[in-house]
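# Structural characterization, general
Each chain is listed here by its residues.
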There are 4 protein chains.
Amino acid sequence: MTTTPKPSATTPDTKIYERRESTVRSYSRSMPRQFNRAQGVWMHDSEGGRYLDFLSGCSSLNYGHNHPVLKQALVDYIASDGVTHALDLHTDAKARFLSTLEDVILKPRSLNYRAMFTGPTGTNAVEAAIKLARKVTGREMVVAFTNGFHGMTLGALACTGNAGKRGGAGVPLGHVSHEPYDGYYGDEVDTADLLEQRLEDPSSGLDAPAAFLVETVQGEGGLNAASPEWLRKIAALAKKHGALMIVDDIQAGCGRTGGFFSFEDMGFTPDIVTLAKSLSGMGLPFALTLLRPELDVWKPGEHNGTFRGNNHAFVTATAAMREFWADPKFAGDIARRGRILEQRLERMAKRHGLSTRGRGMMRGINVGSGDVAEKITGTCFAEGLIIETSGAHDEIVKVLAPLVIDDDTFQAGLDILEEAIAETIAPVDASGTTSGKSDRKLGLAA
Amino acid sequence: MTTTPKPSATTPDTKIYERRESTVRSYSRSMPRQFNRAQGVWMHDSEGGRYLDFLSGCSSLNYGHNHPVLKQALVDYIASDGVTHALDLHTDAKARFLSTLEDVILKPRSLNYRAMFTGPTGTNAVEAAIKLARKVTGREMVVAFTNGFHGMTLGALACTGNAGKRGGAGVPLGHVSHEPYDGYYGDEVDTADLLEQRLEDPSSGLDAPAAFLVETVQGEGGLNAASPEWLRKIAALAKKHGALMIVDDIQAGCGRTGGFFSFEDMGFTPDIVTLAKSLSGMGLPFALTLLRPELDVWKPGEHNGTFRGNNHAFVTATAAMREFWADPKFAGDIARRGRILEQRLERMAKRHGLSTRGRGMMRGINVGSGDVAEKITGTCFAEGLIIETSGAHDEIVKVLAPLVIDDDTFQAGLDILEEAIAETIAPVDASGTTSGKSDRKLGLAA
Amino acid sequence: MTTTPKPSATTPDTKIYERRESTVRSYSRSMPRQFNRAQGVWMHDSEGGRYLDFLSGCSSLNYGHNHPVLKQALVDYIASDGVTHALDLHTDAKARFLSTLEDVILKPRSLNYRAMFTGPTGTNAVEAAIKLARKVTGREMVVAFTNGFHGMTLGALACTGNAGKRGGAGVPLGHVSHEPYDGYYGDEVDTADLLEQRLEDPSSGLDAPAAFLVETVQGEGGLNAASPEWLRKIAALAKKHGALMIVDDIQAGCGRTGGFFSFEDMGFTPDIVTLAKSLSGMGLPFALTLLRPELDVWKPGEHNGTFRGNNHAFVTATAAMREFWADPKFAGDIARRGRILEQRLERMAKRHGLSTRGRGMMRGINVGSGDVAEKITGTCFAEGLIIETSGAHDEIVKVLAPLVIDDDTFQAGLDILEEAIAETIAPVDASGTTSGKSDRKLGLAA
Amino acid sequence: MTTTPKPSATTPDTKIYERRESTVRSYSRSMPRQFNRAQGVWMHDSEGGRYLDFLSGCSSLNYGHNHPVLKQALVDYIASDGVTHALDLHTDAKARFLSTLEDVILKPRSLNYRAMFTGPTGTNAVEAAIKLARKVTGREMVVAFTNGFHGMTLGALACTGNAGKRGGAGVPLGHVSHEPYDGYYGDEVDTADLLEQRLEDPSSGLDAPAAFLVETVQGEGGLNAASPEWLRKIAALAKKHGALMIVDDIQAGCGRTGGFFSFEDMGFTPDIVTLAKSLSGMGLPFALTLLRPELDVWKPGEHNGTFRGNNHAFVTATAAMREFWADPKFAGDIARRGRILEQRLERMAKRHGLSTRGRGMMRGINVGSGDVAEKITGTCFAEGLIIETSGAHDEIVKVLAPLVIDDDTFQAGLDILEEAIAETIAPVDASGTTSGKSDRKLGLAA
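Residues numbered from 1 in each chain as written. Chains lettered and ligands numbered in written order. Predicted model: local features only at pLDDT ≥ 70, side-chain atom pairs only at ≥ 80, totals over all residues. Heavy atoms only, no water.

### Side note on the overall build of chain A
Defined as follows: Each helix is a run of DSSP H or I of at least 4 residues and each strand a run of E of at least 2, with the numbering of both proceeding from the N terminus. A radius of gyration in this sense is built from C-alpha atoms; the matching globule rule multiplies 2.2 Å by the number of residues raised to 0.38. Throughout this description, buried means an accessible area under 20% of the type-specific maximum (1.4 Å probe, protein chains only), exposed means over 50%, and partly exposed covers the range between. Any pair of residues with heavy atoms lying within 4.5 Å of one another is described as a contacting pair. Every accessible area reported is derived by Shrake-Rupley at a probe size of 1.4 Å, with residue values counting cover from the shown protein chains alone. By the counting scheme adopted, Arg and Lys are positive, Glu and Asp are negative, and His together with the chain ends is not counted. Where a charge lies is defined by one atom per residue type, namely NZ (Lys), CZ (Arg), CG (Asp) and CD (Glu).
Helix and strand counts for chain A stand at 14 helices and 18 strands. For a compact globule of 446 residues, the expected C-alpha radius of gyration is about 22 Å, and chain A comes in at 22 Å, within 12% of that figure. Seen through its principal axes, chain A has C-alpha atoms that stretch 60 × 55 × 45 Å. Split into buried and exposed, the 446 residues of chain A put 68% on the buried side. Put simply, of all contacts in chain A between residues at least 6 apart along the chain, 73% involve residues at least 24 apart. Taken as a whole, chain A presents about 13,800 Å² of accessible surface, with 49% of it coming from carbon and sulfur. Counting 48 positive and 55 negative side-chain charges, chain A places the averaged centre of each group 3 Å from the other.

### Re the sheet that holds strand E13 (residues 288–291) of chain B
Residues and elements named next belong to chain B. The line we're drawing: The pairing criterion is simple: DSSP has to find at least two bridges between the two strands. As a rule, the C-alpha atoms of each element are fitted with a line to give its axis, helices using only the stretch in contact, and angles between N-to-C directions run from 0 to 180 degrees.
The sheet built from seven strands is open, its strands ordered E5-E13-E12-E11-E8-E6-E7 with mixed pairing. Both outer strands of the open sheet, strand E5 (114–117) and strand E7 (176–179), are each paired with one neighbouring strand and no more. Recorded for the sheet is a direction-independent mean angle of 25° between the axes of neighbouring strands. Together, E5, strand E6 (141–145), E7, strand E8 (209–214), strand E11 (244–248), strand E12 (272–275) and E13 form the strand contacts of helix H6 (residues 122–137), whose direction differs from that of E11 by roughly 175°.

### Regarding empty space enclosed by the protein
We count it as follows: The distinction between a cavity and a pocket rests on a 1 Å grid over the protein atoms alone: a 1.4 Å probe fits inside a cavity but cannot get out, while a pocket stays open yet meets protein on both sides within 12 Å along at least five of seven lines, and a residue with an atom within 4 Å of a point counts as lining. Grid points are joined across faces, edges and corners, and a volume is the space filled by probe spheres set on the points.
Going through the model one piece at a time under the given rule, you end up with 14 cavities of 30 Å³ or more. Counted as a void, the largest cavity has a volume near 100 Å³. Lining the largest cavity are 13 residues, and of these Glu-179, Pro-180, Tyr-185 and Arg-198 of chain B together with Tyr-185 of chain C lie nearest its centre. Sorting the residues of the lining of the largest cavity by element identifies helix H9 (191–200) of chain B together with helix H9 (191–200) of chain C as the ones contributing at least two each.

### So, the sheet that holds strand E17 (residues 388–390) of chain C
Residue and element names in this part refer to chain C. Across the sheet, which stays open at both edges, the four strands sit in the order E14-E15-E18-E17 with antiparallel pairing between neighbours. The outermost strands of the open sheet, each flanked by one partner alone, are strand E14 (355–359) and E17. This sheet shows a mean twist of 35° between the axes of neighbouring strands, independent of strand direction.

### Here we look at the domain arrangement of chain A
All names here are of chain A. Here is the rule: By convention here, the domain bounds are inherited from an automatic or database domain assignment. Note: buried area is the sum, over both parts, of the accessible area (probe 1.4 Å) each one loses when the two are combined. Salt bridges are defined as contacts in which a side-chain nitrogen from Lys or Arg sits within 4 Å of a carboxyl oxygen from Asp or Glu. Under the rule applied, a polar contact is a pair of N or O atoms within 3.5 Å (in protein, one hydrogen donor and one hydrogen acceptor; residues adjacent in sequence only if both atoms are side-chain atoms). Classes in brief: Ala, Val, Leu, Ile, Met, Phe, Trp, Tyr, Cys and Pro nonpolar; Asp, Glu, Lys and Arg charged; the others, Gly included, polar.
Here chain A is described as being made up of domain 1 (15–66 + 335–424) and domain 2 (68–325). The distance between the C-alpha centroids of domain 1 and domain 2 comes to 25 Å. Listed by partner, the interface residues are 28 residues for domain 1 and 30 residues for domain 2. Overall, the association of domain 1 and domain 2 removes approximately 2,300 Å² of surface from exposure, summing both partners, and the carbon and sulfur fraction of that is 51%. Broken down residue by residue, the surface that domain 1 buries against domain 2 is led by Tyr-63, Arg-359 and Met-362, which jointly contribute 37%. Viewed at the interface, domain 2 and domain 1 are joined by one salt bridge. Residues Lys-398 and Glu-220 are paired through a salt bridge, measuring 3.5 Å at the closest nitrogen-oxygen approach. Taken together, the connections running from domain 1 to domain 2 amount to 20 residue pairs in polar contact (both at pLDDT 80 or more). Secondary structure elements with two or more residues in the side of domain 1 that touches domain 2: helix H3 (56–59), strand E14 (355–359), strand E15 (362–366) and strand E18 (396–399). The residue makeup of the side of domain 1 that touches domain 2, split by class, is 12 nonpolar, 12 polar and four charged.

### Section: the interface of chain C and chain D
Counting residues at the interface gives 106 residues for chain C and 107 residues for chain D. Both faces combined, the contact of chain C with chain D buries some 9,500 Å², and carbon together with sulfur accounts for 58% of it. Among the residues chain C hides against chain D, the three largest losses belong to Arg-20, His-90 and Phe-307 of chain C. Together they make up 9% of the total. With its nearest N and O atoms 2.9 Å apart, the salt bridge here joins Glu-21 of chain D to Lys-94 of chain C. At the junction of chain C with chain D, the criterion picks out 50 residue pairs in polar contact (both at pLDDT 80 or more). Of all the elements, helix H5 (residues 92–106) of chain C adds the most residues to the side of chain C that touches chain D, at seven residues. Tallied by class, residues from the side of chain C that touches chain D come to 42 nonpolar, 38 polar and 26 charged. Direction of pairing for strand E1 (residues 34–39) of chain C relative to strand E4 (residues 90–91) of chain D: parallel, over a ladder of two bridges. The partner of Gln-34 of chain C across the bridge, within E4 of chain D, is His-90 of chain D.

### Things to note about the packing of aromatic side chains
Selection criterion: Between rings of Phe, Tyr and Trp, where Trp is taken as its six-membered ring, a pair exists when centres lie within 6.5 Å; planes separated by under 30 degrees are stacked, by over 60 edge-to-face, and by other angles tilted. In this analysis the charged atom, NZ for Lys or CZ for Arg, is taken to sit over a ring once it is within 6 Å of the ring centre and within 35 degrees of the ring normal.
Tallying each qualifying case throughout the model produces 84 aromatic pairs over all chains. Relative to Phe-330 of chain A, the ring of Tyr-63 of chain A has its centre 6.0 Å away and its plane inclined at 50°; by these criteria the two rings are tilted. One end of the pair, Tyr-63 of chain A, is in the loop between H3 and helix H4 (68–79); the other, Phe-330 of chain A, is in helix H12 (residues 329–352), and 267 residues separate them in sequence. On the accessibility criterion, Phe-330 of chain A (7% relative accessible area) is buried. Its guanidinium or amino end placed over the ring of Trp-42 of chain C, Arg-50 of chain C lies 3.6 Å from that ring's centre, counting from NZ or CZ.

### A word on the relation of the copies chain C and chain D
This is how the line gets drawn: The atoms used to superpose the copies are C-alpha atoms, taken from residues with pLDDT of at least 70 in both, and the fit is least squares.
Mapping chain C onto chain D calls for a rotation angle of 180° and an axial translation of 0.0 Å; the resulting RMSD is 0.0 Å. Viewed as a symmetry operation, the transformation between the two copies matches a two-fold axis. Taking C-alpha positions as the reference, the residue of chain C nearest the rotation axis is Leu-154 of chain C, at 2.7 Å. Comparing contact sets, 100% of the residues at the interface of chain C also lie at the interface in chain D, consistent with an isologous, same-surface contact.

### Thoughts on the confidence of the model for chain A
Residues and elements named next belong to chain A. Basically, it comes down to this: Confidence scores here are pLDDT values: one per residue, from the predictor, ranging 0 to 100.
For chain A, per-residue confidence averages 93 on the pLDDT scale, and residues scoring 70 or more make up 93% of the total. Segment residues 1–5 is flagged for pLDDT under 50; beyond a separation of four residues in sequence, or across chains, it makes eight contacts in the model. Here residues 434–446 scores under 50 on pLDDT; set against residues more than four positions off or in separate chains, the count is 29 contacts. Quick note on the complex model: pTM equals 0.93, ipTM equals 0.94.

### Examining the environment of Ser-227 of chain D
All names here are of chain D. With respect to the helices and strands, Ser-227 occurs in the loop between strand E10 (224–225) and helix H10 (228–240). When the C-alpha positions of Ser-227 and Val-217 are compared, they lie 9.3 Å apart, and in sequence the two are 10 residues distant. Reaching out from Ser-227, the side chain makes a polar contact with the backbone nitrogen of Trp-230 at a distance of 3.0 Å.

### A closer look at the side chain of His-150 of chain C
Residue and element names in this part refer to chain C. Inspection of the secondary structure assignment puts His-150 in the loop between strand E6 (141–145) and helix H7 (154–157). A relative accessible area of 3% places His-150 in the buried class. At a separation of 2.7 Å, a polar atom in the side chain of His-150 contacts the side chain of Asp-248. Dropping the residues within four chain positions of it, His-150 is found in contact with Thr-123, Val-126, Ala-156, Cys-159, Thr-160, Leu-213, Glu-215 and Asp-248.

In structure tokens form, the structure reads like this:
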């Protein structure tokens, strides 16, 4: 990493943003550079600085920026006047995508899903999923979970836990019950049992649910990873109570936790799965709702969207499936890098009396408060590492490195993180306590 | 048109769609071909047929398919490893887009808006717009209009009139009052006056609105075009009652009705404008909510979305603004083609005792029922013309030709339409009545 | 009336009210006396004043205060330890009430209803009615009307038009569409036709209704009386669209408009009728939802209420039905008094260029504004006449005299009103215009 | 008890009920007699049978039927033409009620509340309470508790846990979160702590509450009694989070648990208290919302109701406060009888391996299932004892004897219950297990 050009010291002319972009912009505030090029694990700013990307578009760039194979496939497609936009008409690109999805992803996993092309971003896939669950069951209430994040349109937002996001709605968000996620009340309380008691009690006030909507790892909510046992219990509860099990795999899927789906080998099969983010492989807008064929009760056009067939994304997604998922080697690489990440984060945590979170290549470290985390990520950015936070209080420093990162670069990036933490938080002393301020009890606000 | 290869007679192998694509697919049912190439006003199927496109991705392809200037700009960008996905980080592509929007679109029209990049499809832009209106006003109820179409996620869907789409929600859709659009009760009733009376009556049951959400021409709802007078009245009512005026220009904007915005020269300025569809110029997923700077009360990240900065779309949208909107010639071309369209449709209407709808290059002919319209569009497709329907009963045959179509090709396409109508509907006889069945009163179901 | 003792000039000690009664109290503010006795058409205050009651508990005292026959029946019942409270157990008093309802009210009118005893006030009867309509139809949306008033609990309040009352909810009021009542847009617009157009248009945004909830005369909303034609149209629309027709007869029923039910002889039969107010005959809390037997799909206890069987009210209601409704004479008396009222109000209206409203013994005069109306009712009270206002702006002076009032006393009371109006509003001059300020267009706020 | 006439063997003519009363009737199904007289603790049927009343109108008859002092006060009032109905006008009866409330109830307990007269049944008082909480806080969400019961109108029903009751709504019930009551997850889980964690977590999905609505003993929900510690925690949580603490004392108040209010001497003061049921003392419809004066932000008439001033109830309520609550002796009697009840129920429970519930004179025994409970109450009724069930599965036999019952009669009634249980459930054998079927785990449905 010694050869890494330092990021530029001057900031770009941001007046155009101040003048013409809404104040709703966020990441650009803590990373005040203008980026003009990106390749692999690196982003380059307009003044020659380069940055190692441990944010990866919030897991939208699992294969890195502009992967050459995907890029070539897209350029070829455009050059040959491949169909760009066609609503939901059949195109060669769509047929290839569906066939590849079937051959490379579904069949090897013995999964039988149909694909529904929703609007091209995650929240549209979630809206379609909960619409379908309500339609199939004739029920209205969806069980979502504490710290869950599912999107910003009203239906998905109602399933999202974050108070700041919810407050933006301007109307009450209904038809959803937010139940405690795995581990929410500590290790000794099995929240699936709590939920079961309420579901089976006709006087609990919890209406019969249309669906359980769950992330196996909560990407925005603090990298909480549910155990397979808990997820199986939830799946069994869903079945018992006539509800559908929806896994929102938008952030945790596409390899982030190891397999193509985050729930592989866990002993249950979701009724519905939502995918987006890294699905196109190159960061193009694309989302998908997978559903068991028996649930496919949609009438033609009952849910639609102008950009529901993003053919550019079909092309890159097809290329990505073939490049990365046709061979088990990639999953092995992720597993190895996930272990590196785990070990490094555990070491940092131990040194400072902190704790880690997550699974696979989707992990973080709880540094105790959003202020501390912000200092750490700020230090990282100054050192050329793009990294962000997660959690109810933004107290988790979150590592979402590209899955394709080579081990040396990965270690170098983690070195920057380790140093930034060390600069910010005092180490635990001999007696095992830290002199820093990171001991704030998780989940309790000031 | 004589050289046009006829569309292929055989249908493609659609088993992959039946097996793996949800039954929710719709357009591909009435146009059972597989398309593999598209250029300008033409789409080509996998068996050598070509089709003149009068659907234009429901107005997402106003500049035709794969316009060479836009295409080149995009290929160059990709080839140079331009940033593809960057959440809402600053990029060169975004800066250029914002500057061009300012210079080419806003300033010449004396408009002062800020741009909010929402999720990359229209419904996300609408959700952001109504969230903001509710946040700014502290009110919950939005006035939408009969036959309005605004999207499929729960917030936008609540503003949509169509019962079939609404029924997909599975939950009641609230916080919206659907009021009669201009002309809904016939020419003699001014529905703005009806609305005013209810707004000013504290006992009408109509709660104080956060916003009026209106299309100037209702693209999905039957190509009803509101008069400038009515729109000014609505804008004045909004102002008087402390509500925001939101123009949903997703389908009618980007030149479809003549100007870049559909409300230009009408004597009012919306508080918020939503754009999508043809905004990227090439059919890439992209949506935008424009808002008056005084309304920009968003907190950072209060509304967001993974694909809120589609840099490919920034590139093509910038190219499109420069190519088409820097010079008044394009608007003049649209106006001329709009007059051609008007005259041709009027002639067809007169011949069969029908009526026309719409404005600019966004017009249709009411053929009396969805069945009749389906026959007509089916005949057109067999003759190589892609054309679709609109309206509460799908009874409007809708012409959404590319704005860049040359006049001869345009006339040739309209010839196909005229012939298809003539084959389907008997002409009006000497006594002025038609022997066909297209006299069904609009707006009344069986 | 010359012998009427003037009301006392001093006000009672109201400190106990200021100290211990919520500021929500209202009528006691404009009538600051303490009443200690009431008989027939008179109320007596604690200082010897007496007042002719043209308010009648908002039509809860149609037979006057403490009618001797009802009073005797009640005292006898209490003295004999008749059951006072028994939830919904069978009691002699309930059996007699049901038999009398059947014999005296239902059979002579060829009506076949079952009685559901809801909580003992009108809003509870309305809540039960709309619950049942939703249960029977499986639909959620109820059509209510502008200026309708149906109660203050959340379900009934959602059906109420008044913004002030609605604002008290503190949550959005949903699942109801407020449509224009008969005459809302003036005589030339048939609002039933407007409603029909929207119901039959699948793209109007008006969801399929569970019920139409309508008052035949809007007691709180300004004494607007619907025409039989309009009501028949609404009933026919309900039938055609699978909705139930609910007549809220809480204020207009029990003789107020002439017959026991306000819809008698109008050519339609409601599916559900709500009654309360004068049902007990003596002002005791009592409410009833009548329903066609085919609609009686309630499970035992699915709707209930602690005081659903007010046995004291059973006793007085039974006595009232026997005393007043077993013989057609009473209806004839109401009709005669209704004509007196109509003529007197018309005379006042003509003199001052005003208009009248209402039907039977439920009439009022529109004096143009709430301020003017308040002056008039204040003057009346000072002269010993209790009278109140109605309407969106409280601009209607409302006469709800006891139905049993003798003609001379009635005329004397109307003299007071006429004089009060004359004192407040200038007469129309020779040219036919008034010099007063009462010409404000109804239904339009400042 | 040997002299007690057995209840009559024949059933009354119930055809009038079948013909004219809705199937929603419930208690009359399991107690198919017609009652014509009631005095003290006894109800008499039309065929000479008499029944000891351990139901007491679900705690509406705490002072027994037709208590002679109350009855005399009411007859005197009626005989003197006291005002029966006067909306919310001042009356002597109301002034006396307010003064007595102040002197006898509030001052001795150092409580400072204002009285709001709502519609005359509990659900109206609850609707007023939650409206006020929402108005004061500007928030919409109310926290209610599992197994809570608060009424049947939409606002109160949304706060009620029972699925059967909720299902009657026909619309989704929103703006309420149902949280686990004290002991819901067993003794080892403090549900107030669970609630606290979620309230303090900005990502839990639990919106900021307007109020906590809680019963100190859940009358309908199974006689679960919250501990003072838990209630104090809830009160503290409310204060900390800017929510109001509403105690619904409709069933547990008026002496049922010992004091006039159920929360006396618990170390916290509710912001709002709802009362109804036994408030009138004689079973007349009457309800009251008490509120801290600082919260009295109501505008005149913002919440109202035709029967909000039931003057007959003012008279009997005043007499009841004076008769029973002016002297501490009554509370002592309740305490003694409560201990008798506790000891007897504990003995029955021990004998059969069952458990007891409740507090004061509001106790029950969990017999394991609704079927068993129904057999027991049926046997009791055949022996002349009116007694009912409670709980999510109707599995609790509930003793709500009149508070004024003499000890011998009380013991005799409990003898009937004990025998009925013994007939139905086998005793626990030597090994400590029961051979009966009452061991079903509470709170878990089949």
